[in-house]
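# A structural walkthrough
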Amino acid sequence: MSTAITHDEAHHEDHRPSGILRWVTTTNHKDIGTLYLVFSLIMLFVGGIMALMIRAELFEPGLQFMDPVFFNSLVTMHGLVMIFGAIMPGFVGLANWQIPMMVGAPDMALPRMNNWSFWLLPFAFALLLSTFFMKGGAPAGGWTMYPPLILQTGDAFPFLVFAVHLMGISSVMGAINIIATILNMRAPTMSLMKMPMFVWTWLITAFLLIAVMPVLAGAVTMLLTDKYFGTSFFNAAGGGDPVLFQHIFWFFGHPEVYIMILPAFGIISEIIPTFSRKPLFGYSSMVYATASIAFLSFIVWGHHMFTVGMPLAGLLFFMYSTMLIAVPTGVKVFNWTATMWRGSLSFETPMLFAVAFVVLFTIGGFSGLMLAIVPADFQYHNTYFVVAHFHYVLVTGAMFAIVAAVYYWLPKWTGRMYDETLGKWHFWLSTIFVNVLYFPMHFLGLAGMPRRIPDYALQFTGFNQVATIGAFGFGFSQLLFVYIVYKAAHSGEKATDRVWEGAHGLEWTLPSPAPYHSFSTAPTVE
Amino acid sequence: MVAKERDPNTADSRFVLRPNRSLSWGATKWFFAGSCLLYACIAVFFLAMGAWPILPFAGLEVIVLGAGLYVSALRGKVCEVINVTGDTIEVQSGTLGKMRSYRFPRFWTRVSLRADEWYPSRLTISVHGRGLELGRFLNEEERLELAQELTRAVAPTLWVP
Ligand code: HEM
Ligand SMILES: [Cu+2]
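In this text, all values refer to a predicted model and were calculated from it rather than measured experimentally.

About the cut-offs
- Residues numbered from 1 in each chain as written.
- Chains lettered and ligands numbered in written order.
- Predicted model: local features only at pLDDT ≥ 70, side-chain atom pairs only at ≥ 80, totals over all residues.
- Heavy atoms only, no water.
- Helix = DSSP H or I, 4+ residues; strand = E, 2+ residues; numbered from the N terminus.
- Rg over C-alpha atoms; globule rule 2.2 N^0.38 Å.
- Buried < 20%, exposed > 50% of the residue type's maximum accessible area, 1.4 Å probe, protein only.
- Contact = heavy atoms within 4.5 Å.
- Phe/Tyr/Trp six-rings, centres within 6.5 Å; stacked < 30°, edge-to-face > 60°.
- Lys NZ or Arg CZ within 6 Å of the ring centre and 35° of its normal.
- Donors = N, O, S within 2.8 Å, 3.2 Å for Na, K, Ca; no water.
- Near = heavy atom within 4 Å.
- Polar contact = N/O pair within 3.5 Å; in protein donor to acceptor, adjacent residues only side chain to side chain.
- Pairing = 2+ DSSP bridges.
- Axes fitted to C-alpha atoms, helices over the stretch in contact; angles between N-to-C directions.
- Disulfide = S-S within 2.5 Å.
- Buried area = accessible area lost by both parts, 1.4 Å probe.
- Salt bridge = Lys/Arg side-chain N within 4 Å of Asp/Glu carboxyl O.
- Left-handed = near helix turned anticlockwise from the far one by under 90°.
- pLDDT = per-residue confidence, 0-100.
- Parallel < 35°, antiparallel > 145°, perpendicular 65-115°, else oblique.

Looking only at helices and strands, one finds 16 helices and zero strands in chain A. For 526 residues, the compact-globule estimate of 2.2 N^0.38 gives 24 Å, and chain A sits close to it at 24 Å. Looking at chain A as a whole, 59% of its 526 residues are labelled buried. For chain A, restricting intrachain contacts to residue pairs at least 6 apart in sequence, the fraction spanning at least 24 positions comes to 82%.

Rendered as structure tokens:
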């Protein structure tokens, strides 16, 4: 006998670290997906507390609880925390859990890098949140960081820039991993046009992410050098141009908003067919619609800066290109509706959130179209109408999709069911309060209430009070979500393999991608 | 992917284990080139507007993307070959061209699968407590099925031809 096996190989990675070290060193996609989702939930509450402080201040005109600079810090940090801390990591967590399962891969393509991508985030946000305690306070120039205002930030400024860099690196590494996994690790029978929509939308999202992150990194770096190293990229006195920053920022920013919605489209395209017990209507048109939205997102950034005084040709170009996006978006909404049409529908919690997504996201899409009309935007720009628009697409859009996805896949992840009655309570509370919260903002905006101010004229009081009540209702309803998830994971009923009667796809059944097709059948002997 | 051959006369068999790879090296290069082109266009566009710091970031990122795709392709080249012949089991593992080989006496060899609900299961082939892990790069279903097939193949007495 000649074995060349060493003791080492025999016990290769046999002793997995336990406790906290397990989570620090893990390269397993399920661990990392869980980390991302838990992180995202924590950030949702951190950002949520800021939002409630904002809404408390706005309950009445005049200054109640805080000085205006702190209020502005809250608005700025709320935006950064929600976008980079809650929504994006939420989607990346879902990607980590689902993509390997959906394409039949044993793990993500680059597990070690996956670990780094996650662990950069807690550092980035610790840095960012620590700025609240620095001289000059946290950044207060808005999440869009426009110069020259943002350059007035105190000691926090370099930390802001560094934190944004870290978030960017994390996103880029996450995106590269997702691309490598989807392109390279699919099971043999899964061609591109057979991939689940969630996988497709993430592939396109990852591609977008990689395209725009260097632009953001460049933008904040130029802010840094303008402030500390005497450059004048955005400084008019030195021959620079502050509007250049807006171009650069929105070249990143608009694709970024699609980065936050395309995976949501994917989730909804998984959930609606399941609970309609019908295949997705128009699969390939969904894929092409997603790709067109991604392409168009590169040429519409100017709609965020109609009021900077650009030439008429620019206004018209950005107006029409923006309106074009409504076409593929409309295709999607049509397809979801057509999938439900004459389906045998049932309304478990994930489906409720998905249907609410379709309706409420569409409201956000319509207000987006209103904002895309140049002369109208001159009126609406920087008012609460914009705030209403992007909260409909981001909260009832992106966040509802993530919540729907958690309800939908949680039984698969934990092997346990959540409490359906509580889930329905969570849905109805969230959906009612979210509209109480954001719908009045449309009226406030149309009536001319500007965004990002701690005080307002008396005539805006009523709608602001309604919105604040909605905010607290919505905020506290999310505690129920935490309880439901916790309860499901610890003491939920055992879930079946398939979980949902109408579910299809590799993650639900033992997949048969026929890896053994070349086998001679082995005889079964007992 | 697992490919298996079995000699019906001798109950000898051979398994070839390779990870699934869905992108050929040629396609990888095309994808990378296309991505570089798009990202270069963006960086050059901003360069022309005077915002040159975007270029180095785009460059760095392209390097990481390239490295990621390369590493992923490289890891696709690993291979394990299990030959069950007569009274020995020979396992060769490594990348093509650089294979290490291990031999086990067939009648003392155990195939064991340790399943875990959360982490991937682990398939080991061992003799007197010393063993080798097989098919870490396979997906769960492939590994479970391989475990069954391999157990049967290794224990010839269980075979009823
Ligand atoms: C039908 C599709 C959409 C159209 C036509 C559209 C149009 C617009 C326009 C014109 C603005 C600028 C308003 C202004 O500042 O005056 C805007 C702002 C915004 N949109 Fe949309 N939008 C659409 C979808 C989305 C989606 C899907 C998201 C995110 C998931 C989103 C997120 C935002 C955000 C965050 C802002 C505000 C940025 C800021 O100034 O802080 N939009 N949208
Ligand atoms: Cu936009």
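In total, this model carries 49 aromatic pairs over all chains according to the counting rule given. Geometrically, the ring pair formed by Tyr 146 of chain A and Phe 245 of chain A is edge-to-face, given 6.3 Å between the ring centres and 75° between the ring planes. Taken together, the residues Tyr 146 of chain A in the loop between helix H5 (111-130) and helix H6 (156-184) and Phe 245 of chain A in helix H8 (residues 242-259) connect sequence positions 99 residues apart. Using a relative accessible area of 21% as the deciding quantity, one classes Tyr 146 of chain A as partly exposed. Members of the aromatic cluster, each reached through a chain of ring pairs, are Trp 143, Tyr 146, Phe 233, Phe 234, Phe 245, Phe 249, Trp 250 and Phe 252 of chain A together with Trp 52 of chain B. Seen from the ring of Trp 23 of chain A, Arg 22 of chain A lies directly overhead, with NZ or CZ sitting 4.2 Å from the centre. Over the ring of Phe 157 of chain A we find Lys 227 of chain A, and its NZ or CZ is 5.7 Å from the ring centre.

All names here are of chain A. Inspection of the coordination sphere of the iron atom of ligand 1 shows a single protein donor, His 389 (NE2), at 2.1 Å. The metal-metal distance between the iron atom of ligand 1 and the copper ion (ligand 2) is 4.5 Å. On the secondary structure map, His 389 appears in helix H14 (residues 384-414).

Residues and elements named next belong to chain A. Taken together, 22 residues form the shell around ligand 1, and within it Trp 143, Asp 377, His 381, His 389 and Arg 451 come nearest. One of the side-chain N or O atoms of His 381 is found 2.6 Å from an oxygen atom in ligand 1. Between ligand 1 and the protein, one listed contact pairs an oxygen atom with a side-chain N or O atom of Arg 451 at 2.8 Å. Of all the secondary structure elements, the ones that give two or more residues to the shell around ligand 1 are H8, helix H12 (349-372) and H14. If you tally residues by element for the shell around ligand 1, the top one is H12, at six residues.

A few words on the sheet that holds strand S1 (residues 2-7) of chain B. Residues and elements named next belong to chain B. Spatial ordering of the open sheet is given by S1-S2-S3-S4-S5, a layout of five strands whose pairing is antiparallel. Of all the strands in the sheet, the pair left with one neighbour each is S1 and strand S5 (98-105). Across this sheet, the average inter-strand angle for adjacent strands is 10°, counted without regard to direction. In terms of strand pairing, strand S4 (residues 88-95) meets S5 through eight bridges, oriented antiparallel. Residue pairing in the sheet places Gln 92 in a bridge with Ser 101 of S5. Here helix H3 (residues 140-154) sits on the sheet in contact with S1, strand S2 (12-17), strand S3 (78-85) and S4, set at roughly 155° to S2.

Another aspect to go through is the coordination of the copper ion (ligand 2). In an ideal tetrahedron of four donors about a metal, each angle is 109.5 degrees. In an ideal octahedron of six donors, the angles are 90 or 180 degrees. In this structure, His 254 of chain A (ND1), His 303 of chain A (NE2) and His 304 of chain A (NE2) serve as the protein donors to the copper ion (ligand 2), at separations of 1.9 to 2.0 Å. Positions of the donor residues of the copper ion (ligand 2) along the chain correspond to the pattern H-x48-H-H.

In this section: the state of the cysteines. Residue and element names in this part refer to chain B. Considering all chains together, one arrives at zero disulfides over all chains under this definition. Just so you know, Cys 41 is unpaired, no disulfide at all, and the nearest cysteine sulfur is the one on Cys 36, 11 Å from it. Exposure remark for Cys 41: the relative accessible area of 47% places this residue in the partly exposed category.

Between chain B and chain A, the residue contacts involve 66 residues of the former and 64 residues of the latter. Summing the contributions of chain B and of chain A, the shared interface buries around 5,700 Å²; its carbon and sulfur component is 63%. The three residues of chain B that bury the most area against chain A are Glu 61, Trp 118 and Tyr 119 of chain B, which together make up 13% of that side's buried surface. Applying the counting rule to chain B against chain A returns zero salt bridges. Summed over the shared surface of chain B and chain A, the number is 13 residue pairs in polar contact (both at pLDDT 80 or more).

Residue and element names in this part refer to chain A. Closest axis-to-axis distance for the helix H4 (residues 68-103)/H14 pair is 11 Å, and the angle between their directions is 35°. Once H4 is placed against H14, the crossing between them reads as left-handed. From H4, His 78, Ile 87, Gly 90, Phe 91, Leu 94, Trp 97, Gln 98, Met 101 and Met 102 reach across to H14, where they touch His 391, Leu 394, Ala 398, Met 399, Ile 402, Ala 405, Trp 409, Lys 412 and Trp 413.

On average, chain A scores 91 in pLDDT, and the residues at 70 or more come to 93%. Low pLDDT, under 50, characterises residues 510-526 of chain A; the predicted model gives this stretch 30 contacts beyond four residues in sequence or across chains.

Quick look at the side chain of Thr 225 of chain A now. You can see Thr 225 of chain A is positioned in helix H7 (residues 197-228). The contact partners of Thr 225 of chain A, leaving out residues within four places of it in the chain, are Gly 230, Thr 231 and Phe 233 of chain A.

Here the focus is the sheet that holds strand S8 (residues 130-134) of chain B. All names here are of chain B. One open sheet accounts for three strands, arranged S6-S7-S8; its pairing is antiparallel. Each edge of the open sheet is held by one strand with a lone partner, namely strand S6 (109-114) and S8. In this sheet, neighbouring strand axes are inclined to one another by 25° on average, regardless of whether the strands run parallel or antiparallel. Of the strands in this sheet, S6, strand S7 (122-127) and S8 are in contact with H3, which crosses S6 at around 160°.

Residues and elements named next belong to chain A. Contact geometry of helix H10 (residues 283-296) with helix H11 (residues 312-340) gives a least axis separation of 9 Å together with a crossing angle of 155°. With respect to H11, the element H10 is oriented roughly antiparallel. Once H10 is placed against H11, the crossing between them reads as left-handed. Contacts from Ser 285, Met 286, Ala 289, Thr 290, Ser 292, Ile 293 and Leu 296 of H10 reach H11 at Leu 324, Ile 325, Pro 328, Thr 329, Val 331, Lys 332, Asn 335 and Trp 336.

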